[in-house]
Amino acid sequence: MRLKELREENNVSQAEIAAFLNIKQNTYSQYETGKRQLPIDALIKLAKFYKVTTDYILELEN
């Protein structure tokens, strides 16, 4: 997934995104590394936050 790439391009920390999603920073870190599956509701919130499609985040489109 492109979570880390999007976060870094937007100069946002993991802690900031975790607070936005109302989760712990280490949980968000696990989403970025693929150790934990990103819930659909979080996927949708992140797509809106970054103004991209869910397919983009999931690397189904460029």
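What you see is a predicted model, and the numbers here were worked out from it, not measured in a lab.

Undergrad: Could you give an account of the environment of leucine 43, naming the residues involved and the relevant values?
TA: You can see leucine 43 is positioned in helix α4 (residues 40–50). On a C-alpha basis, the gap between leucine 43 and alanine 18 in space is 12 Å, while along the polypeptide they are 25 residues apart. Sequence-distant contacts of leucine 43, defined by excluding residues within four places in its chain, comprise Leu38, Thr54, Ile57 and Leu58.

Undergrad: How would you sum up the packing of helix α2 (residues 14–21) against α4? Please name residues and give values.
TA: To characterise two packed helices, one gives the angle between the axes of the helices and the distance between these axes. Packing of α2 against α4 leaves a shortest axis separation of 11 Å and a crossing angle of 120°. It follows from the interaxial angle that α2 and α4 lie oblique. Here α2 and α4 pass one another in a crossing that is right-handed. Where α2 abuts α4, its residues Ile17, Phe20 and Leu21 lie against Ala42, Lys45, Leu46, Phe49 and Tyr50. Split by residue class, the contact of α2 with α4 holds 7 nonpolar, no polar and 1 charged.

Undergrad: A description of α2 should follow, citing residues and the corresponding values.
TA: Regarding α2, the residues found buried are Gln14, Ile17, Ala18 and Leu21. One side of α2 carries all its buried residues, which in axial view fall inside an arc of 100°. Those residues of α2 that are buried are in contact with α1 (3–9), α3 (25–33) and α4. With its phi angle positive at about 60°, asparagine 22 sits one or two positions after the end of α2.

Undergrad: Break down unusual backbone geometry for me, citing the residues and quoting the values.
TA: Although it is not a glycine, asparagine 22 sits at a positive phi angle of roughly 60°. On the secondary structure map, asparagine 22 appears in the loop between α2 and α3. Classification of asparagine 22 by relative accessible area gives exposed; the value is 71%. The phi dihedral of glutamate 59 falls on the positive side, at around 60°, and the residue is not glycine. Relative to the elements of secondary structure, glutamate 59 occurs in the segment after α5 (54–57).

Undergrad: Got a sec to walk through the nonpolar core? Specific residues and values, please.
TA: Counting 16 residues, the largest nonpolar core has Leu3, Ile17, Tyr28, Leu38, Leu46 and Ile57 as its most contacted members. Those elements that provide at least two residues to this core are α1, α2, α3, α4 and α5. Per-element accounting of this core gives the leading share, 5 residues, to α4. Not counting chain neighbours up to four residues away, the residues in contact with isoleucine 57 comprise Met1, Arg2, Leu3, Leu6, Leu43, Leu46, Ala47 and Val52.

Conventions and cut-offs
- Residues numbered from 1 in each chain as written.
- Predicted model: local features only at pLDDT ≥ 70, side-chain atom pairs only at ≥ 80, totals over all residues.
- Heavy atoms only, no water.
- Helix = DSSP H or I, 4+ residues; strand = E, 2+ residues; numbered from the N terminus.
- Contact = heavy atoms within 4.5 Å.
- Axes fitted to C-alpha atoms, helices over the stretch in contact; angles between N-to-C directions.
- Parallel < 35°, antiparallel > 145°, perpendicular 65-115°, else oblique.
- Left-handed = near helix turned anticlockwise from the far one by under 90°.
- Nonpolar A, V, L, I, M, F, W, Y, C, P; charged D, E, K, R; others polar.
- Buried < 20%, exposed > 50% of the residue type's maximum accessible area, 1.4 Å probe, protein only.
- Arc of directions from axis to C-beta.
- Core = buried A, V, L, I, M, F, W, Y, C linked by side-chain atoms within 4.5 Å.

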